[in-house]
Amino acid sequence: MKEEEIIHKWLDHEELTKEELEAFQHMEGYASFMKISENARTFKSPTYSIPEELEKIKAYTKPHKKVSFSTSSIRMIMRIAAIFILGIGMYFTFFNESTITKQTLISEKASTTLPDQTMVTLNSLSSVRYKEKDWDENRKIELDGEAYFKVAKGKKFDVITSAGIVRVLGTQFAVKQRKDYFEVICYEGLVRVLYKNKTSELPAGSIFRVVKGEVSNSTTSFTKPSWIKNRSVFNSTPYRYILREFERQYNVKITTKNIDQDKLFTGNFVHSDIQTALQSITIPMRLEYKMNDNHVTLYHP
Amino acid sequence: MPKDLFDNVCEEKLFSELFQKHAKNLHDFIYYKYGEHVDAKDKVQEAFIKLWDNCQKIPLQKAKSFLFTVANNITLNELKHNTVKLKYQQIAHPYKTNENPEFILEEKEYLQKYQNALAKLTEAQRVAFLLNRIEGKKHKEIAEILNISRKAVEKRIYGAIEKLRKEIDRI
């Protein structure tokens, strides 16, 4: 038993004591053990270079990491893109200023109420545009055509037309802007008209009119535009504008024969009956008319 | 038991360290176990590549046993249809200078016997014995490499040298 322990110790590369060494040397198999141990070296494994082998394996292990990196970066880009798309969507949903347009066709009238309860009545073939956002802070409305405003009290209220700007503070007034023709009638309160860098103030019952660039002032005793009650009233207005208004109200085409369209006309016509209306505008001017479908011809008798 | 700092071995630096630590032992283990006709270098490479491909699933603690198991299995798969033939490379003794023909013949005969005796050892005995005698490893180190107890290593090596002595001396 002691012998075996000594052999174990020797095999474990431990230093033997003098006694143990002596005992070991007297053992039966000592010479054989030594020879076996010595000759084992002849069976040594081939040389193995760790750095060399590591270099070889790196060719296989490198791409692995790259793949995992590229997939994660694509994912990252997708995430960023998704946030951008979401943001753009939110912007258009919540922050974009929506413009509201209201318009009328020939022989049509319409009323609309603005966010602050201001009433707007549109005559035929007219349109208004305004932005709903911040309306109470910034009351601006674009007008093309003819409209009557009953403005709620509040901050300044601008009506912007291609001819000029009308600025008021809680009042009732009508604006008519047609080709070569711009007219503002104040029915209540005070209206300020900005026309070609000049400011005019209109008290209640005043009319501000520009015909072909010529400014004129007059007065009215009406409290509302007549067209609201389906009647067009004119006061010393060139005849051509009466005819154009007539065309808008009845959707007809008027041609004239040798008639001076610059003659002034005072009178009115109704919007409900074309025969009566035609008589209203021809008899005072000593004219006669012929009607053929949507075509009306005016002539001297 | 302290918790492992790394739950996988995907880190390249960690992988290199593992290679430096285990590659040589793994190579020797395969070589002494199966002999020269198995390309031990190749098996080491394959085992480490497998480790890298599966790095997500393997904690650092399990890496060594994974490598040894995989290398062993790869080698066994290759040998499946061959009977294991053990042949060891012979290296001339550089330290022996007195070379009379008789001695050389004797020496050659002895090594032949040695070779046959080694082939008759069990794989377990052979690996432990050669790691001990050739690579100069202590029992404790071999126990770590093979994942067995120190006592078992002692037994295998002692068994191996006794068996070799009997084989060589008898004939």
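Residues numbered from 1 in each chain as written. Chains lettered and ligands numbered in written order. Predicted model: local features only at pLDDT ≥ 70, side-chain atom pairs only at ≥ 80, totals over all residues. Heavy atoms only, no water.

Q: So what about the overall build of chain B? Which residues, and what values?
A: Scanning chain B from N- to C-terminus turns up 7 helices and 0 strands. For chain B, the N- to C-terminal ordering of α and β elements is α-α-α-α-α-α-α. In chain B, which comprises 171 residues, the proportion classed as buried is 47%. A separation of at least 24 residues holds for 70% of the contacts in chain B among residues at least 6 apart in sequence. (Helix = DSSP H or I, 4+ residues; strand = E, 2+ residues; numbered from the N terminus. Buried < 20%, exposed > 50% of the residue type's maximum accessible area, 1.4 Å probe, protein only. Contact = heavy atoms within 4.5 Å.)

Q: How would you explain the sheet that holds strand S3 (residues 119-122) of chain A if you had to name every residue and give the values?
A: Residues and elements named next belong to chain A. Spatially, 7 strands are ordered S2-S3-S6-S9-S10-S13-S14 in an open sheet, and the strand pairing comes out antiparallel. Of all strands in the sheet, those with a lone pairing partner are strand S2 (110-113) and strand S14 (214-219), marking the two edges. Shown here is a sheet whose adjacent strand axes are inclined to one another by a mean of 15°, direction ignored. As defined by bridge partners, S3 adjoins strand S6 (residues 146-150) across 4 bridges and the pair is classed as antiparallel. By the bridge assignment, methionine 119 is partnered in S6 with lysine 150. Where helix H5 (residues 239-250) meets the sheet, its contacts fall on S6, strand S9 (172-178), strand S10 (181-188) and strand S13 (206-211), and the angle it forms with S9 comes to roughly 100°. (Pairing = 2+ DSSP bridges. Axes fitted to C-alpha atoms, helices over the stretch in contact; angles between N-to-C directions.)

Q: Any details on the pattern of salt bridges? Residues and values, ideally.
A: Charged atoms that come close allow side chains of opposite charge to pair. The tally for this structure, following the rule as stated, stands at 21 salt bridges over all chains. One salt bridge connects B:Lys138 with A:Glu14, and the closest N-O pair in it is separated by 3.3 Å. Taken together, the positions of B:Lys138 in the loop between helix H5 (123-133) and helix H6 (139-146) and A:Glu14 in the loop between helix H1 (2-11) and helix H2 (18-25) put the pair across two chains. For A:Glu14, a relative accessible area of 34% gives the class partly exposed. Across the salt bridge formed by A:Lys176 and A:Glu146, the nearest N and O atoms sit 3.9 Å from each other. Taken together, the residues A:Lys176 in strand S9 and A:Glu146 in strand S6 connect sequence positions 30 residues apart. Of the two residues, A:Lys176 and A:Glu146, neither departs from the other in class, the shared state being buried. Sharing partners across several salt bridges, the network here consists of A:Asp12, B:Arg150, B:Lys151 and B:Glu154. (Salt bridge = Lys/Arg side-chain N within 4 Å of Asp/Glu carboxyl O.)

Q: Help me get a handle on the interface of chain B and chain A, residues and values and all.
A: The interface is formed by 51 residues belonging to chain B together with 37 residues belonging to chain A. In this structure, the connection of chain B to chain A is made through 17 residue pairs in polar contact (both at pLDDT 80 or more). Elements supplying a minimum of two residues to the side of chain B that touches chain A: helix H1 (12-34), helix H2 (40-53), helix H4 (101-120), H5 and helix H7 (150-170) of chain B. Top element by residues in the side of chain B that touches chain A is H1(B). It accounts for 11 residues. Among the residues forming the side of chain B that touches chain A, the class breakdown is 24 nonpolar, 11 polar and 16 charged. (Polar contact = N/O pair within 3.5 Å; in protein donor to acceptor, adjacent residues only side chain to side chain. Nonpolar A, V, L, I, M, F, W, Y, C, P; charged D, E, K, R; others polar.)

Q: Describe the sheet that holds strand S16 (residues 253-256) of chain A, naming the residues involved and giving the relevant values.
A: Residues and elements named next belong to chain A. Across the sheet, which stays open at both edges, the 3 strands sit in the order S16-S19-S18 with mixed pairing between neighbours. Each edge of the sheet is formed by a strand with only one pairing partner; in this case those strands are S16 and strand S18 (288-292). Neighbour to neighbour, the strand axes of the sheet diverge by 20° on average, direction disregarded. Alignment of S16 against strand S19 (residues 295-299), held across 4 bridges, turns out to be parallel. Paired with isoleucine 254 across the strands is valine 296, a residue of S19. Contacting S16 and S19, H5 crosses the sheet at an angle of about 150° to S16. Relative to S18, helix H6 (residues 274-282) is tilted by about 150°, and along the sheet it contacts S18 and S19.

Q: Explain unusual backbone geometry to me, using residue names and the numbers behind them.
A: At A:Asn230, a position not held by glycine, the phi torsion is positive, near 60°. Note on placement: A:Asn230 falls in the loop between S14 and strand S15 (231-238). The exposure class of A:Asn230 is partly exposed, given its relative accessible area of 40%. Despite not being glycine, B:Asn147 has its phi angle at roughly 60°, a positive value.

Q: Could you give me a rundown of the packing of aromatic side chains, with the residues and numbers involved?
A: In total, this model carries 22 aromatic pairs over all chains according to the counting rule given. When the ring of A:Tyr148 is compared with that of A:Tyr187, the centres are 5.8 Å apart and the planes differ by 80°; the resulting orientation is edge-to-face. Placement of A:Tyr148 in strand S6 and of A:Tyr187 in strand S10 is noted, with a sequence separation of 39 residues between them. The class for A:Tyr148 is buried, based on a relative accessible area of 4%. Judged by relative accessible area, A:Tyr187 falls into the buried class, the value being 11%. Ring geometry for B:Phe15 against B:Phe48: centres 5.9 Å apart, planes inclined by 85°, an arrangement best described as edge-to-face. Remark: B:Phe48 occurs in helix H2 and B:Phe15 occurs in helix H1; sequence separation between them is 33 residues. (Phe/Tyr/Trp six-rings, centres within 6.5 Å; stacked < 30°, edge-to-face > 60°.)

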